[in-house]
Amino acid sequence: MPRSNPALAAQQPNPMFRIGALVYGRDDILHLEFGEPDFPTPAHISAAAIASITSERQGYGPGNGIAELRAAVAARVQRVNGFAPTAEQVVMTEGGTGGLMGSLLTLCAPGDIVLTPDPGWPGYDAMLAVAGVERAYYPLLSERGWLPDLAALEAAITPQTRVLLINSPSNPGGAVYPAETIAALMEIAARHDLWLLSDECYDELVFDARHISPAALDPDGRVLTVGSFSKTYAMTGWRIGWVVAPPAIAPALGLTTAAQINNLPLFVQRAALAALEGPQECVAEMRASYRARRDLATGLLSERGLLEYTPAGAFYLLVPVARAAGYGADEPFDTLAFAEALIAERGIALAPGMAFGSRTARYVRVSLASAPDVLRAGISGLLDFATGWRTHQ
Ligand code: PLP
């Protein structure tokens, strides 16, 4: 047989798939594992999709999205992200995932290096392998609430580095990078002539901080901003997002996207248009719920002396589970074994920290996008289980 792509054959499945396989579809489990809003998609958004299906032909369409939606995204970006792109700079993509993948394929040639956060969203792993690029990491520091170590980041840059990938508000830490951090990242990108790929899929889920988009500080046109309807409008399964690219890059990004999907379904684009042009109270209400859940979760950790930081955005909290189990910093701890035993014995599912990189190997990630009673029972059960973990094994 001919060989297949060796970069993909070498990929290890992410531990999140193992957790998913154990708990998917089970209603006897307290689900705190995936970053998925528990709210339904707001009714006016679904209604727009249904109206499109019943009243319009669902044919092929433009690869970079319908014109009115691209214009609405440009207006939204001005409102939320603080810069004013033209509609031609907006490319509609298959979620933030499609936007990130398309951006990497547009910016990088095989062998280029992409500098990524540790810890970071596991979805980047397969994208980088598919794009045929090399990967380097920069540390996010637990002691700084999971903000980047800028000196270590700059030291990791080599002449082969092409793209600096950043993610604020962040998964899994929930950090919202302050203005001075974003400004410093922009300076570093300019000094080393890098593209800055900014994953802003959680940009409307910010509680006690202000979201700053690097593109608002970009005089050169080196920032690509990736956005998504998934988290803001509880539309994870609809698969729609966007990239705002510098004018010189946007046409190539449109080609890359068209090469992957040809076009997004028209009814999904109509739903997205309704999300942007309809009432925004649903966003404020969901944000307020996530904030209350964040406060509930941090309160439970604080009661046990385990609160290391307070996430200012997204809907995740990293729990220092090895510490909760009484393990010293130099004692090995297996978060995957812990997470699997927690499912089997307590019916509680969460994400093992090693799924996100080397620096969260002693943590678990709790998703705050779960109902408050699930959150309370899940976190209390997790912490009780951790207390007995050493003697359990
Ligand atoms: N970026 C981050 C950091 C994420 O956590 C996710 C999803 O969990 C995505 C991007 C992609 O989301 P989607 O493709 O649904 O827009």
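Nothing here was measured: the structure is a model prediction, and the numbers come from that model. (Residues numbered from 1 in each chain as written. Predicted model: local features only at pLDDT ≥ 70, side-chain atom pairs only at ≥ 80, totals over all residues. Heavy atoms only, no water.)

1. A look at the side chain of N263
At step 1: In this fold, N263 is placed in the loop between α9 (250-261) and α10 (266-277).
At step 2: A polar contact is formed between the side chain of N263 and the side chain of N262, at a distance of 2.7 Å.
At step 3: Every residue in contact with N263, bar those within four places of it in the chain, is listed here: G59, Y60, G61 and P62. (Helix = DSSP H or I, 4+ residues; strand = E, 2+ residues; numbered from the N terminus. Polar contact = N/O pair within 3.5 Å; in protein donor to acceptor, adjacent residues only side chain to side chain. Contact = heavy atoms within 4.5 Å.)

2. Description of the site of the ligand
At step 1: Lining the immediate environment of the ligand, one finds 15 residues, of which G96, T97, D199, S228 and S230 sit closest.
At step 2: One of the side-chain N or O atoms of Y202 is found 2.7 Å from an oxygen atom in the ligand.
At step 3: In this structure, an oxygen atom belonging to the ligand sits 2.5 Å away from a side-chain N or O atom of S228.
At step 4: Contact with the protein chains removes 93% of the 400 Å² of surface that the ligand exposes when unbound.
At step 5: According to the grid-proximity analysis, the pocket containing the ligand is the largest pocket.
At step 6: In terms of residue count, the dominant contributor to the shell around the ligand is helix α5 (residues 95-107) (4 residues). (Near = heavy atom within 4 Å. Areas by Shrake-Rupley, 256 points an atom, 1.4 Å probe, with all protein chains shown as cover. 1 Å grid on protein atoms, 1.4 Å probe; cavity = no way out; pocket = protein on both sides within 12 Å on 5 of 7 lines; lining within 4 Å. Sits in = over half its atoms within 2 Å of the grid points.)

3. A closer look at the domain arrangement of the protein
At step 1: Looking at the assigned domains, one finds that the protein contains domain 1 (6-41 + 281-388) and domain 2 (44-277).
At step 2: In this complex, domain 1 contributes 35 residues to the contact, which on the side of domain 2 involves 39 residues.
At step 3: When domain 1 packs against domain 2, the two sides together hide about 3,000 Å² of surface, and 60% of this comes from carbon and sulfur.
At step 4: In this structure, the connection of domain 1 to domain 2 is made through 3 salt bridges.
At step 5: The salt bridge partner of R287 is E204, with a shortest N-O separation of 3.8 Å.
At step 6: Put simply, the parts of the chain that give the side of domain 1 that touches domain 2 at least two residues each are α1 (6-9), α11 (281-303) and β10 (316-319).
At step 7: Of the residues that constitute the side of domain 1 that touches domain 2, the class distribution is 20 nonpolar, 8 polar and 7 charged. (Domains from an automatic or database assignment. Buried area = accessible area lost by both parts, 1.4 Å probe. Salt bridge = Lys/Arg side-chain N within 4 Å of Asp/Glu carboxyl O. Nonpolar A, V, L, I, M, F, W, Y, C, P; charged D, E, K, R; others polar.)

4. Quick word on the packing of aromatic side chains
At step 1: Evaluated as defined, the whole model comprises 14 aromatic pairs.
At step 2: Their ring planes at 70° and their centres at 5.1 Å tell us that F315 and Y316 sit as a pair that is edge-to-face. Here the two residues F315 and Y316 agree in accessibility, since each one is buried.
At step 3: Seen from their ring centres, F385 and W389 are 5.7 Å apart, and the 50° between their planes marks the pair as tilted. For the pair shown, F385 and W389 are each scored as buried.
At step 4: Aromatic rings pair up to connect F39, Y202, Y290, F315 and Y316 into one cluster.
At step 5: Between the NZ or CZ atom of R390 and the centre of the ring of Y327, over which it lies, the distance is 4.4 Å. (Phe/Tyr/Trp six-rings, centres within 6.5 Å; stacked < 30°, edge-to-face > 60°. Buried < 20%, exposed > 50% of the residue type's maximum accessible area, 1.4 Å probe, protein only. Lys NZ or Arg CZ within 6 Å of the ring centre and 35° of its normal.)

5. Regarding the pairing of strand β2 (residues 90-93)
Put simply, side chains in a regular strand alternate between the two faces of the sheet.
At step 1: Both faces of β2 are covered, namely the face carrying V90 and M92 and the face carrying V91 and T93.
At step 2: Bridge count between β2 and strand β9 (residues 241-244): 4 bridges; the pairing is antiparallel. Pairing of M92 across the sheet is with W242, part of β9. (Pairing = 2+ DSSP bridges.)

6. Quick word on the side chain of S168
At step 1: Turning to its location among the elements, S168 is positioned in the loop between β6 (161-167) and α8 (179-191).
At step 2: Within the structure, the side chain of S168 is placed 2.8 Å from the backbone nitrogen of Y177, a separation counted as a polar contact.
At step 3: With near-sequence residues (within four places) excluded, S168 lies in contact with A175, V176, Y177, D199, E200 and H211.

7. Description of the nonpolar core
Nonpolar side chains in soluble globular proteins tend to end up buried together.
At step 1: L69, F229, I240, F338 and L382 are the most contacted members of the largest nonpolar core, which has 123 residues in total.
At step 2: The greatest single-element share of this core, amounting to 8 residues, is contributed by α11.
At step 3: Domain assignment of the residues forming this core places at least three in each of domain 1 (6-41 + 281-388) and domain 2 (44-277).
At step 4: Apart from residues lying up to four places away in sequence, L382 is in contact with V319, V321, F338, L342, I348, L350, V364 and V366. (Core = buried A, V, L, I, M, F, W, Y, C linked by side-chain atoms within 4.5 Å.)

8. Some remarks on the layout of surface pockets
Space left empty within the atom packing is revealed by a probe, the size of a water molecule, rolled over the atoms.
At step 1: Considered as a void within the structure, the largest pocket measures approximately 860 Å³ in volume.
At step 2: In this structure, the largest pocket is lined by 34 residues; those nearest its centre are F34, T97, W121, P122 and G123.
At step 3: At the level of elements, α2 (15-23), α5 and α6 (123-131) are the ones that each hand at least two residues to the lining of the largest pocket.
At step 4: The element contributing the most residues to the lining of the largest pocket is α6, with 5 residues.
At step 5: Its residues assigned to classes, the lining of the largest pocket shows 15 nonpolar, 13 polar and 6 charged. (Points joined across faces, edges and corners; volume = space filled by probe spheres on them.)

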